[in-house]
Amino acid sequence: MNQMNRGGATIGMKALAWTGGLLATVAAVIIGSVLTVFAVTTVVVLAIMTSATLAFVALAGRAKSKARARAADDGVIEARKVGGHHWVAYGWNERR
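Every value quoted in this text rests on a predicted model; they were computed, and no experiment measured them. (Residues numbered from 1 in each chain as written. Predicted model: local features only at pLDDT ≥ 70, side-chain atom pairs only at ≥ 80, totals over all residues. Heavy atoms only, no water.)

## What to know about the overall build of the chain
Okay, so step 1: The helix and strand tally for the chain stands at one helix and two strands.
Okay, so step 2: Listed by position from the N terminus, the elements making up the chain come as α-β-β.
Okay, so step 3: By the burial criterion, 0% of the 96 residues in the chain qualify as buried.
Okay, so step 4: Of the roughly 8700 Å² that the chain leaves accessible, carbon and sulfur atoms contribute 70%. (Helix = DSSP H or I, 4+ residues; strand = E, 2+ residues; numbered from the N terminus. Buried < 20%, exposed > 50% of the residue type's maximum accessible area, 1.4 Å probe, protein only. Areas by Shrake-Rupley, 256 points an atom, 1.4 Å probe, with all protein chains shown as cover.)

Written out as structure tokens, the structure reads:
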């Protein structure tokens, strides 16, 4: 009975519980670090995709402004046929 302590568990059982707790802690640290790497990788991929999307938006804006400038300088107005012998011209009154 001298191996019993206050809680009623033997010293061997306490050592086993301590070892189990240590192993569970090590497993939790390893799993947590793997999940952290996964989360950081996800954030980096999202940042790269966002910057690529913003670069494409900037390129599209530049192309649009160049196309507008080129269309305004060529002296041609846009006209569409609306039916029969009727045509509607756009842009002729915006030039100054």
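## Digging into the environment of Arg80
Okay, so step 1: Take Arg80: it is sitting in strand E1 (residues 78–83).
Okay, so step 2: For Arg80, a relative accessible area of 48% corresponds to the partly exposed category.
Okay, so step 3: C-alpha of Arg80 to C-alpha of Tyr90: the two residues are 10 residues apart in sequence and 8.3 Å apart in space.
Okay, so step 4: The contacts of Arg80, once residues within four sequence positions are left out, are His86, Trp87, Val88 and Tyr90. (Contact = heavy atoms within 4.5 Å.)

## As for the environment of His86
Okay, so step 1: For His86, the location among the structural elements is in strand E2 (residues 86–90).
Okay, so step 2: When sequence neighbours within four positions are dropped, the list of residues in contact with His86 reads Arg80 and Lys81.

## Concerning the pairing of E1
On any regular strand, side chains alternate: one points to one face of the sheet, the next to the other face.
Okay, so step 1: Looking at chain direction, E1 and E2 are connected through five bridges and run antiparallel. What sits directly across from Arg80, in E2, is Val88.
Okay, so step 2: Turn length for the E1-E2 hairpin, with the two strands adjacent in sequence and antiparallel, is two residues, and the turn residue Gly84 shows positive phi of about 60°. (Pairing = 2+ DSSP bridges.)

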